[in-house]
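# Commentary on secondary and tertiary structure
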Amino acid sequence: LLIKENPTFKELAQQHQSYEKRLTELADLSYPSEEEMLEETTLKRKKLLIKDEMYNMMNEYSSSH
């Protein structure tokens, strides 16, 4: 419901999916470079921050409805 009603939440969800897709690509590499390993770590952190923000938005929404 939030994805339909809240453009910010929708954008966060899309960004989360994008990070997940790229992380899957990186995980499939047999011999990742140092740059790719750093990218993986960075993406995991960003993905977690987005997830936290989405949960906060869901909690606010559920408490107001």
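The structure this text deals with has already been given above.
What you are looking at is a predicted structure, and each value in this text was computed from that prediction instead of being measured. Position numbers for residues count from 1 along each chain, tracking the sequence in the order it is written. Per-residue local features are limited, in this predicted model, to residues with pLDDT of at least 70; the limit for side-chain atom pairs, both in listing and counting, is 80 or more; totals at the level of whole chains, interfaces and linings are taken over all residues. To obtain the side-chain values, all non-hydrogen atoms of the structure were included, while hydrogens and water were left out.

## Observations concerning the side chain of Lys47
How we decide: Elements are defined by DSSP. Helices are runs of H or I of four residues or more, strands are runs of E of two residues or more, and each kind is numbered from the N terminus. For the exposure calls, accessible area comes from a 1.4 Å probe over protein chains only, and a residue counts as buried if that area is under 20% of its type's maximum, exposed if over 50%, partly exposed in between. Two residues form a contact once any of their heavy atoms are found within 4.5 Å.
Assignment of secondary structure puts Lys47 in helix α3 (residues 34-64). On the basis of relative accessible area, Lys47 is assigned to the buried category, the value being 18%. In this structure Lys47 touches His16, Tyr19, Glu20 and Leu23, once residues within four positions along its chain are discounted.

## Examining the environment of Met57
By secondary structure assignment, the location of Met57 is in helix α3. Along the chain, Met57 and Thr8 lie 49 residues apart, while their C-alpha atoms are 9.6 Å from each other. Not counting chain neighbours up to four residues away, the residues in contact with Met57 comprise Leu2, Asn6, Thr8, Phe9 and Leu12.

## So, helix α2 (residues 7-27)
Stated formally: Take the number of residues in a helix, subtract one, and multiply by 1.5 Å to get its expected span. Here the arc refers to the directions that run from the helix axis out to each C-beta atom.
With 21 residues, α2 extends 30 Å from end C-alpha to end C-alpha; this agrees with the ideal 30 Å at 1.5 Å per step. Within the span of α2, buried status applies to Phe9, Leu12, Ala13, Tyr19, Leu23 and Leu26. Buried residues of α2, seen end-on, are gathered within an arc of 145 degrees and therefore sit on one face of the element. Those residues of α2 that are exposed and aimed more than 90 degrees away from the buried face are Pro7, Glu11, Gln17 and Lys21. In this structure, the buried residues of α2 make contact with α1 (2-5) and α3.

## Topic: the pattern of salt bridges
Rules: Whenever a carboxyl oxygen of Asp or Glu lies within 4 Å of a side-chain nitrogen of Lys or Arg, that contact is scored as a salt bridge.
One pass over the structure, following the stated rule, counts four salt bridges. Across the pair Glu39 and Arg22 runs a salt bridge whose closest N-O atoms are separated by 2.9 Å. Of the two residues, Glu39 is situated in helix α3 and Arg22 in helix α2; the sequence distance between them amounts to 17 residues. Between Glu40 and Lys44 there is a salt bridge, and its shortest N-O distance comes to 3.7 Å.

## Here's the deal with α3
With 31 residues, α3 extends 45 Å from end C-alpha to end C-alpha; this agrees with the ideal 45 Å at 1.5 Å per step. Along α3, the residues that are buried comprise Leu43, Lys47, Ile50, Met54 and Met57. Looking at the buried positions of α3, the neighbouring elements they touch are α1 and α2.

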